[in-house]
Amino acid sequence: MGGTVPFGYQPDGRSLKIDETEAPIIRHIHDLYRQLGSVRAVAEEAEDLGYRTRARPSASGTRSGGTPFSRGHVYQILTNPLYAGRIRHRDKVYAGQHPAILDPAVWDVLQERLITEAARSRGQSNAAERSPLVGKLFDETGDRLTPSHSRKSGKRLRYYISRRLVTDRRERHPDAWRLPARDLETGIARILHDHLMKPTVLTDLVRDLLAAEIPGLLEQLRRLANSCDPEGSADLWAPLLRRADLVQGSIHLRLDRKVLAERLGILPDRIDSAARRISASFQMQRRGVEARIVLGAAVPQVDPVLAKNILMAQRWYVAIKAGASFGNLAAREKTTTSRIQQMIGLAFLAPDVLDQVAAGRQPVAFTSEWIKRHQLPAGWDQQRQIVGGL
């Protein structure tokens, strides 16, 4: 249609081709809007991430562009049908001959949301699930974690990822983080709640504490701790968090002095700086392709798949003792002999290992997937040594 080639594309004869260095930024800007629900917030996050418009040299030798994306530019990126493989001409939109950067169906849904939210009166909350810790999380390299998401079986899964994964391949950054958002938010909420409920936190946190103030401040602290409900909305407690730094093995939280003082009803200079810092254990462990976060004193979680397979293996063993062959048993159970051979070892687990599984306290790596790839010995002492070392 003529004119300037838009960000995300390069000229290709009479058509366009995708610019593989700019297209990930286009996709991430759309992803950020789905997370944040605000053009202003997306523009701010894009600037923090270091995103810049394309620098363009002029015939006179000067350069334009190379600046942060304005709210207007972000809105144009969100609403331009070009990125969905279409062409707008005057008031009509036509199918284009260039490749789409975005899934057209996903783009259509976002347009409906933009229209809906443009009509929404100010002060109404956004019903979409957001990522309230955006801008507050950093990995061990100092890289900021930014919201992302994927879909599995029609379900939307949120993540916080190191921003270097946005424009580069994961293979080049094996140390980068990709953390399940809900698990991380729940874990941090639990850490904050437990910290604020400690008996000594008031005397540690507030300077020049007067006896007459203690009852009122203790009540405010209790309310503050209750707002950090792991099962509730992170929007209630996220303002308390100034910054969180994650390394393998530990997480370091820093509370926001101003917000904390406002919630307690005291002046900010009475908040002790050292008491605003909280450290807790942090581990990210994998179950196959699934990542699980273990933060602080994690609540035990029973692995339902492992528990089910143990009961199934015990049932199979009873059938085999009664004279059933592996082939007949596989046909009756509608499975394969190889699967029975993989899982039958679960019928001989040491009693204390069974107790750990029933309580959800077994090592995270001890899963049905692990059993498929490893053969547990029959000896209980050997089992304990192997399982304990996972």
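Residues numbered from 1 in each chain as written. Predicted model: local features only at pLDDT ≥ 70, side-chain atom pairs only at ≥ 80, totals over all residues. Heavy atoms only, no water.

The next point concerns the overall build of the protein. Looking only at helices and strands, the protein features 15 helices and 14 strands. Counting every position in the protein, which comprises 390 residues, the buried fraction comes to 43%. A sequence separation of at least 24 residues applies to 58% of the contacts in the protein between residues at least 6 apart. Approximately 21,400 Å² of the protein is accessible, and the part contributed by carbon and sulfur atoms is 51%. (Helix = DSSP H or I, 4+ residues; strand = E, 2+ residues; numbered from the N terminus. Buried < 20%, exposed > 50% of the residue type's maximum accessible area, 1.4 Å probe, protein only. Contact = heavy atoms within 4.5 Å. Areas by Shrake-Rupley, 256 points an atom, 1.4 Å probe, with all protein chains shown as cover.)

Attention now moves to the pattern of salt bridges. The tally for this structure, following the rule as stated, stands at 16 salt bridges. For the salt bridge of R270 with E213, the shortest nitrogen-to-oxygen distance reads 2.7 Å. In this pair, R270 sits in the loop between α9 (257–264) and β13 (277–287) while E213 sits in the loop between α7 (201–205) and α8 (214–227), placing the two residues 57 residues apart along the sequence. Taking the relative accessible area as the measure of exposure, R270 reaches 17% and is therefore buried. (Salt bridge = Lys/Arg side-chain N within 4 Å of Asp/Glu carboxyl O.)

The next point concerns the packing of aromatic side chains. On inspection of all chains with the given rule, the structure shows four aromatic pairs. Here the guanidinium or amino end of R243 rests over the ring plane of F138, the centre of that ring lying 3.7 Å away. (Phe/Tyr/Trp six-rings, centres within 6.5 Å; stacked < 30°, edge-to-face > 60°. Lys NZ or Arg CZ within 6 Å of the ring centre and 35° of its normal.)

So, about empty space enclosed by the protein. Counted under the stated rule, the structure contains two cavities of 30 Å³ or more. Here the largest cavity defines a volume of roughly 50 Å³. A per-class count over the lining of the largest cavity returns three nonpolar, four polar and no charged. Put simply, the second largest cavity is a space of about 40 Å³. Residue lining of the second largest cavity: L192, H195, L196, L240, L255, L260 and I278, and that is the complete set. A total of three residues in the lining of the second largest cavity trace back to one element, the largest contributor, which is helix α6 (residues 181–196). Tallied by class, residues from the lining of the second largest cavity come to six nonpolar, one polar and no charged. (1 Å grid on protein atoms, 1.4 Å probe; cavity = no way out; pocket = protein on both sides within 12 Å on 5 of 7 lines; lining within 4 Å. Points joined across faces, edges and corners; volume = space filled by probe spheres on them. Nonpolar A, V, L, I, M, F, W, Y, C, P; charged D, E, K, R; others polar.)

Let's shift gears to the pairing of strand β2 (residues 15–18). Going residue by residue along β2, you find L16 and I18 tucked away on one face and S15 and K17 left uncovered on the opposite face. Bridge count for strand β1 (residues 9–12) against β2 is four bridges, and the pairing is antiparallel. Its bridge partner being in β2, Y9 is matched across the sheet by I18. (Pairing = 2+ DSSP bridges.)

So, about the side chain of S131. One can find S131 in the loop between α4 (104–119) and β7 (137–138). A distance of 3.1 Å separates polar atoms of two side chains, one belonging to S131 and the other to R158. Once residues lying within four places of it in the same chain are set aside, the contact partners of S131 are Q35, L36, P147, R158, Y160 and E185. (Polar contact = N/O pair within 3.5 Å; in protein donor to acceptor, adjacent residues only side chain to side chain.)

This part covers the confidence of the model for the protein. Averaged over all residues, the pLDDT of the protein equals 83, while 87% of them reach at least 70. Of all secondary-structure elements in the protein, the lowest mean pLDDT belongs to strand β14 (residues 290–295), at 60, while β7 reaches the highest, 92. pLDDT under 50 marks residues 121–128. Its contacts with residues more than four places away, or in other chains, come to six contacts. (pLDDT = per-residue confidence, 0-100.)

Here we take up the nonpolar core. One broad trend across soluble globular proteins is that nonpolar side chains are buried collectively. Residues L137, I188, I251, L253 and L264 are the most contacted members of the largest nonpolar core, which totals 42 residues. Looking at this core, the elements with two or more residues in it are α6, α7, α8, β11 (241–247), β12 (249–255), α9 and β13. Here the element with the most residues in this core is α6; it accounts for seven residues. Of all hydrophobic cores here, the second largest spans 38 residues; its members include I18, I29, L78 and Y159. (Core = buried A, V, L, I, M, F, W, Y, C linked by side-chain atoms within 4.5 Å.)

Moving on: unusual backbone geometry. Positioned with a positive phi, D208 is a non-glycine residue whose angle comes to about 50 degrees. Among the structural elements, D208 can be located in the loop between α7 and α8. Here the phi dihedral of K334 falls at roughly 55 degrees; this positive angle occurs in a residue that is not glycine. In this structure, K334 sits in the loop between α11 (326–333) and α12 (337–343). Given a relative accessible area of 79%, K334 falls into the exposed group.

Its 14 residues place the ends of α8 20 Å apart at the C-alpha level, agreeing with the 20 Å of an ideal helix rising 1.5 Å per residue. The complete set of buried residues in α8 reads L217, L221, L224, A225 and S227. Looking straight down α8, one finds its buried side chains confined to an arc of 155 degrees; they lie on one side. Seen from the buried face of α8, the exposed residues on the opposite side, beyond 90 degrees, are P215 and R223. Next to the buried residues of α8 lie α6, α7 and α9. (Expected span 1.5 Å × (residues − 1). Arc of directions from axis to C-beta.)

Packing of helix α1 (residues 23–36) against helix α2 (residues 39–48) brings their axes to within 9 Å, and their N-to-C directions diverge by 130 degrees. Viewed along their axes, α1 and α2 adopt a mutual orientation that is oblique. As for the relative orientation of α1 and α2, their crossing is right-handed in sense. Contacts between α1 and α2 involve I29, L32, Y33 and L36 on the former and, on the latter, V39, A41, V42 and E45. Looking at the contact of α1 with α2 residue by residue, the classes come out as seven nonpolar, no polar and one charged. (Axes fitted to C-alpha atoms, helices over the stretch in contact; angles between N-to-C directions. Parallel < 35°, antiparallel > 145°, perpendicular 65-115°, else oblique. Left-handed = near helix turned anticlockwise from the far one by under 90°.)

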